[in-house]
Amino acid sequence: MKCLQIHARKQPIKCTIIVSLLWLLNSLFSAVICEPADDTYSKSAYASPQTTQTDWLLELANTIMIRTPKSRDYKWNWGAGVLMYGMWHAWKETGNTDIFEYVKSYIDKYVPVDGNITAHIDQSHHVNRVSPAIILPELYEATMDARYLTAASRVANYVQYNCPRTSDGALVHAYDDQLWIDTVYMVCVFLARYALLTGSGYEMAIDQILVHTAHLWNPAEKLFYHGWDEDGSAEWADPVTHQSPCFWGRGNGWAFLAILEVLQCLPSDHPRRGQLLALFQSHAQGIMEAQESWGLWKTVLKDSRNGNYEETSASAMFVYGLKKGRSLGYLVSASAAAADKGHDALASRIGMLSDGMTFVSGTSHGTNVGDYDYYIGISQGWDVMWGQAAFLMMKTLYRPASKIKIQVSPSSKDYGIIRVGSNSSQTFEVKNTGDLTLNISAIRLTGTHASEFSITTGEGSFALEKGETQDVIVRFAPVSTGSKTSSLNIEINDPKNETIEVHLSGIGAEPDIDISPASHDYGDVMLGQSSSR
């Protein structure tokens, strides 16, 4: 992935030393320009490794929000876009409103109320700038705020009419005639999500995947090359195929997840769905063949030369794609086993520092297209955005069994017969019987006769630590006769059991009539006169 456009191509004199130096400079600058400072942690600060009991999805998401409290500080670029999409996955899995607001705040900085986002994407015609827009269609669905749909439409229009292309219609990644496999993720995921919302964009997404496949796919190895140069003048380009020489790990991760996303959005009866599915399945096979015996994947796939290292972001991408693909029925059972093996091997790449912050290590920095020596020369960092994003996505599929438990006593209540005009109250004890903090987000009454019940104590949100209790008092005050029912709904922060429902019932009866005195003798009253009591 390119961050700073330093290159030495189409020069009258091609000097290998100069090109190598420029690549090295670009690698160094990419870490400075495109990423937060991520190598400030030493392994001496390392506190604890991954455990099966820790919910690393929430731990990592919280760390990201703590380390960069204002998501608006991130720029509109591909790295931040990938990170925010990882956070979006975390929000969809957990329902955590802080994560939602964090992502929304980032988008809101760049999307004005009229949805005119053009200024942030129409710069240098670089397809990487489409990446943050992946969230726009889903944010519109979540909020129904029209500006997000307007912005998404503008991005789709930008891709269709403004992005440079090769002679056969492939979107150019960075230079005037180069294809990089990165593009299919940066653009096609957005197009598929936009099409799922509007019905327009499927064909463009499929076209780009297939034209990139035509130039970058190796059918024997079932993997993608990183780059292709249309006129073959790039220093790394094969003189015959114009392809780059290596199967870059993260590049194959981009492609694998992009095809998976498009398949998930594509209608089941789409005429080209079968073609994409076959490509995804073949790619999965190539990826599994490239997996190292201990579970991870190297930065250059299927290459045993010295210096090649296991890389975190690609490995986490492959784990997510294989596991998700199997759960959707796209892949054979062996893919889930390969994913589980990779997930277990990645245990050493995530942990907690002595300050309580979660780290992700072993992610390669921004990477251009190059030869083998170039790829293995790319440095690795801690808490690189795309490594964090890949881990977030992977961990949505590997969360520990929930230990959030709640007990409500009594579990239901029949108030019996209550006369109209009277009332009766019942105290419900809410207790945290689990190991984790129990966050009650809301307590509300629902049902046909909810208006005849009221919460007099305990309404609103609160948190309970292990063993703690909170009283909630509900009053039944019928306003008419007959059977009455309602439900006391306690909404908690467990995505597997979001609402506890307590059934309430009672009967409204005619009010008692008490007349005193029970009788009265008015005595003798003359005709035409009256007596009162």
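Scroll up a little and you will see the structure.
No experiment lies behind these values; they were computed from the predicted model shown.

A. Layout of the packing of helix 2 (residues 56–67) against helix 4 (residues 97–110). The geometry of helix 2 relative to helix 4 is characterised by a closest axis approach of 11 Å and an angle of 45° between their N-to-C directions. The pairing of helix 2 with helix 4 is recorded here as oblique in orientation. In this structure, the crossing between helix 2 and helix 4 has a hand that is left-handed. Along its contact with helix 2, which presents Leu58, Ala61, Ile64 and Met65, the element helix 4 presents Asp98, Ile99 and Tyr102. Grouping the amino acids of the contact of helix 2 with helix 4 by side-chain chemistry returns six nonpolar, no polar and one charged.

B. Spotlight on the packing of aromatic side chains. Scanning the entire structure with this criterion turns up 22 aromatic pairs. Here a set of aromatic residues connected by ring pairs shows up, and it is made of Phe256, Phe280, Trp297, Phe318 and Tyr330. The side chain of Arg305 reaches across the aromatic face of Tyr372, ending 3.9 Å from its centre. The positively charged end of Lys413 is found above the aromatic ring belonging to Tyr415, 5.7 Å away from the centroid.

C. Structural detail: the pattern of salt bridges. Applying the stated criterion across every chain, the model contains 19 salt bridges. With its nearest N and O atoms 3.5 Å apart, the salt bridge here joins Arg399 to Glu93. Of this pair, Arg399 sits in the loop between helix 15 (385–395) and strand 10 (406–409) while Glu93 is found in helix 3 (residues 78–94), placing the two residues 306 residues apart along the sequence. One salt bridge in this structure joins Lys222 and Glu289, with 3.5 Å as the shortest N-O distance. Taken together, the residues Lys222 in the loop between strand 3 (217–218) and strand 4 (223–224) and Glu289 in helix 11 (residues 273–290) connect sequence positions 67 residues apart.

D. Here's a closer look at helix 12 (residues 312–327). Between its first and last C-alpha atoms helix 12 spans 22 Å; for 16 residues at 1.5 Å apiece the expected length is 22 Å, and the two agree. Counted residue by residue, helix 12 has 12 buried out of 16 residues, so it is predominantly covered. Considered for burial, the residues of helix 12 that qualify are Thr312, Ser313, Ala314, Ser315, Ala316, Met317, Phe318, Val319, Tyr320, Gly321, Leu322 and Gly325. Where helix 12 ends, the next residue or the one after it, Gly329, has phi of about 85°, a positive value.

Rules used in this analysis
- Residues numbered from 1 in each chain as written.
- Predicted model: local features only at pLDDT ≥ 70, side-chain atom pairs only at ≥ 80, totals over all residues.
- Heavy atoms only, no water.
- Axes fitted to C-alpha atoms, helices over the stretch in contact; angles between N-to-C directions.
- Helix = DSSP H or I, 4+ residues; strand = E, 2+ residues; numbered from the N terminus.
- Parallel < 35°, antiparallel > 145°, perpendicular 65-115°, else oblique.
- Left-handed = near helix turned anticlockwise from the far one by under 90°.
- Contact = heavy atoms within 4.5 Å.
- Nonpolar A, V, L, I, M, F, W, Y, C, P; charged D, E, K, R; others polar.
- Phe/Tyr/Trp six-rings, centres within 6.5 Å; stacked < 30°, edge-to-face > 60°.
- Lys NZ or Arg CZ within 6 Å of the ring centre and 35° of its normal.
- Salt bridge = Lys/Arg side-chain N within 4 Å of Asp/Glu carboxyl O.
- Expected span 1.5 Å × (residues − 1).
- Buried < 20%, exposed > 50% of the residue type's maximum accessible area, 1.4 Å probe, protein only.

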